[in-house]
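Structural overview for review
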Amino acid sequence: MRGNFCSRRQALAGLFLTATGCDLFRSLGDGQSPLTSMLPAPDRASGKQASPSATLRLARLEVCIASRPLHDHKSRKLVWEELDESGLMAPEQRKKLNDSGFRVGVAGSSTPWAVQSLARDASRPVSNEGPLGSPTSSGTAHDSSFGTMFQLLPGGQSYLEIQSQLDESRLSLRNIPQLARLQNAGQIRCVFELSVRELSADWVLLNLLPVVYSGSSTARLTIEQNTDKLPVRQDMLPLYEQQVQVRLLAGEIAVIGRYAAEDPEKWSIGSLFFQPFSDPGSTERILMVRMDGIETLQGRSDPGFRPGPQASGKL
């Protein structure tokens, strides 16, 4: 009797291994470890719920600054003929912007030939995320023919320098009313601050704020998060009345340049940014910002995890 019982137990053990052995070690088609299928199912009856996932969206942007000879037909006429200017803002707002010497238009996802041509010839600018002049961590050289790619989070800023270290002795600064509050007219730089106001799954509301930097770079008192700091920087004059907001879908391009007034001798803040000099050999610049797409990052945190002494180091 005992021998029959042992034989029956061995037969059952062999049958169990035959039925389950392949399941323990076979590779699953979905890439999961086969051992994960052996973990106990979540206890839904206990009322415990998994921690919610955190979703973060950021905009992928490309930017280039085209520089063309003064009175170039392509930059003065052909580019603007294929852009939408009227649908961006109210007529009175656009007139106010044009009176300041700025012109803004949007090219559709099917990029016009003139815009493509300017982008191919453009020198690629440096995009800095954070304080002006600091190295960027997110901007990377892009292999396409458009420009430099970088990423922008909601609430973050990126700075694009249009003109650098302009000689004030050659500028008609007294004819620009927006610069009446400028304390030091030396070493002028013209910069656009880019920031994201709204972000959706397929579009971004981009804010472009022109800023004039001037004076020597010295330590200047600022307050950040209730803490006094003395960063080394120039005087900063943001031109809030000339800032614009543009809603861009993937593939669309915002184009910002100088509005050519009827009087060619009329000077404006737009002239300072895009055409500061009018002597022979001078150039005119155009800023182009392309919305490459929206990137979504998703993660999940475990509120029950408490790192021990061995796991407290920084990643």
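Keep in mind that what you see is a predicted model, and the values were worked out from it rather than measured. (Residues numbered from 1 in each chain as written. Predicted model: local features only at pLDDT ≥ 70, side-chain atom pairs only at ≥ 80, totals over all residues. Heavy atoms only, no water.)

1. Topic: the overall build of the protein
What counts is decided by this rule: Counting from the N terminus, the helices are DSSP H or I runs at least four residues long and the strands are E runs at least two residues long. Classification of residues uses two cut-offs on accessible area relative to the type maximum, computed with a 1.4 Å probe and protein chains only: under 20% is buried, over 50% is exposed, and between them is partly exposed. Contact definition: two residues touch when any of their heavy atoms are within 4.5 Å. Residue-level accessible areas treat just the shown protein chains as cover; the underlying method is Shrake-Rupley with a 1.4 Å probe.
Tallying secondary structure elements over the protein gives five helices and 13 strands in all. Sorting the 315 residues of the protein into buried and exposed places 39% on the buried side. Relative to all contacts within the protein whose residues are 6 or more apart in sequence, the contacts with residues 24 or more apart total 75%. Of the roughly 19,100 Å² that the protein leaves accessible, carbon and sulfur atoms contribute 51%.

2. Quick notes on the nonpolar core
Stated formally: Nonpolar core, defined: a set of buried Ala, Val, Leu, Ile, Met, Phe, Trp, Tyr and Cys residues in which side-chain atoms within 4.5 Å join the residues together.
Phe192, Leu272, Phe273 and Leu287 are the most contacted members of the largest nonpolar core, which has 45 residues in total. With five residues, the top contributor of residues to this core is strand S6 (residues 188–199). Ignoring any residue separated from it by four or fewer positions in sequence, one finds Leu287 in contact with Val63, Cys64, Ile65, Leu160, Ile162, Phe192, Leu208, Ala254, Val255, Ile256 and Phe274. Residues Trp80, Leu83, Ala114 and Ile253 belong to the second largest nonpolar core, which totals 16 residues.

3. Quick notes on the packing of aromatic side chains
Keep this limit in mind: Two rings belonging to Phe, Tyr or Trp (six-membered ring only in the last case) form a pair when the distance between their centres is within 6.5 Å. Interplanar angles under 30 degrees mark stacking, angles over 60 mark edge-to-face geometry, and anything in between is tilted. We call a charge positioned over a ring when the NZ of a Lys or the CZ of an Arg lies within 6 Å of the ring centre and within 35 degrees of the ring normal.
Taken as a whole and assessed by the stated rule, the structure comprises six aromatic pairs. Both rings, one in Phe192 and one in Phe273, keep their centres 5.4 Å apart while their planes meet at 65°; by these two values the pair is edge-to-face. On the criterion of sequence distance, the pair formed by Phe192 in strand S6 and Phe273 in helix H5 (residues 269–274) is long-range, its members being 81 residues apart. Phe192 sits in the buried class, given a relative accessible area of 2%. Relative accessible area serves as the criterion here: at 0%, Phe273 is assigned to the buried category. Ring geometry for Phe273 and Phe274: centres 6.4 Å apart, planes at 45°, overall tilted. Among the aromatic residues, ring-to-ring pairing joins Phe102, Phe192, Phe273 and Phe274 into one connected group. Over the ring of Phe277 we find Arg170; its NZ or CZ atom is 3.8 Å from the centre of that ring. The ring of Trp203 carries the charged tip of Arg247 above its face, separated from the ring centre by 4.2 Å.

4. Structural notes on the environment of Leu56
Looking at where Leu56 falls in the secondary structure, it is placed in strand S1 (residues 53–69). Residues Leu56 and Leu297, spaced 241 residues apart in sequence, show a C-alpha to C-alpha distance of 5.0 Å.

5. Quick word on the pairing of S6
Test applied: Strand pairing is defined by DSSP finding a minimum of two bridges between the two strands.
The buried fraction of S6 is high, at nine of twelve residues. Summarising the sheet, strand S5 (residues 157–166) and S6 pair through seven bridges and their orientation is antiparallel. In the strand pairing of S6, Leu160 is matched with Phe192.

6. A short note on the packing of helix H2 (residues 73–81) against helix H4 (residues 113–121)
The description of two helices packed together rests on the angle between their axes and the distance between the axes. Defined as follows: Axis definition: a line fitted to C-alpha atoms, over the contacting stretch in the case of helices. Angles run 0 to 180 degrees between N-to-C directions. Gly is placed with the polar residues, together with every amino acid not listed as nonpolar (Ala, Val, Leu, Ile, Met, Phe, Trp, Tyr, Cys and Pro) or charged (Asp, Glu, Lys and Arg).
At a closest axis distance of 8 Å, the pairing of H2 and H4 adopts a crossing angle of 145°. Packed against H2, whose contacting residues are Lys74, Leu78 and Val79, the element H4 presents Trp113, Ala114, Val115, Ser117, Leu118 and Asp121 at the interface. Broken down by class, the residue content of the contact of H2 with H4 amounts to six nonpolar, one polar and two charged.

7. Quick notes on a nonpolar patch on the surface
To keep things clear, this is the line we draw: Nonpolar side chains (Val, Leu, Ile, Met, Phe, Trp, Tyr) are joined into patches within 5 Å and like charges within 9 Å, using only residues with over 30% relative accessible area and no salt bridge. In what follows, salt bridge is the name for a side-chain nitrogen of Lys or Arg lying within 4 Å of a carboxyl oxygen of Asp or Glu.
Taken together, the side chains of Leu56, Leu153 and Leu297 present a nonpolar region at the surface, about 230 Å² in accessible area. Among the secondary structure elements, Leu153 is positioned in the loop between strand S4 (148–152) and S5. We classify Leu153 as partly exposed; its relative accessible area is 34%.

8. A look at the pattern of salt bridges
The final tally for this structure, using the stated rule, is ten salt bridges. Across the pair Glu85 and Arg103 runs a salt bridge, and its minimum N-O distance is 3.0 Å. Here the residue Glu85 occupies a position in the loop between H2 and helix H3 (91–99), and Arg103 occupies one in strand S2 (residues 102–107), the gap between them amounting to 18 residues. The same class applies to Glu85 and to Arg103, which are both buried.

9. Examining the confidence of the model for the protein
Just so we agree on the cut-off: Confidence of the predictor at the level of single residues is given by pLDDT, which spans 0 to 100.
Of the residues in the protein, 64% reach a pLDDT of 70 or more, and the chain-wide mean stands at 74. Low pLDDT, under 50, characterises residues 15–44; the predicted model gives this stretch seven contacts beyond four residues in sequence or across chains. Counting contacts from residues 305–315, a segment whose pLDDT is below 50, to residues more than four positions away or on other chains yields zero contacts.

10. Comments concerning H2
Formally: Taking the helix axis as origin, the arc is that swept by the directions to the C-beta atoms.
Those residues of H2 that fall on the buried side of the exposure criterion are Lys74, Ser75, Val79 and Trp80. Buried residues in H2, looked at end-on, bunch into an arc of 150°, giving them a common side.

11. Looking at the side chain of Gln242
Tracing the backbone through its elements, the reader meets Gln242 in the loop between strand S10 (232–238) and strand S11 (244–249). Classification of Gln242 by relative accessible area gives buried; the value is 5%. Excluding anything up to four places from it in sequence, Gln242 contacts Leu97, Ser100, Phe102, Gln178, Pro210 and Ile269.

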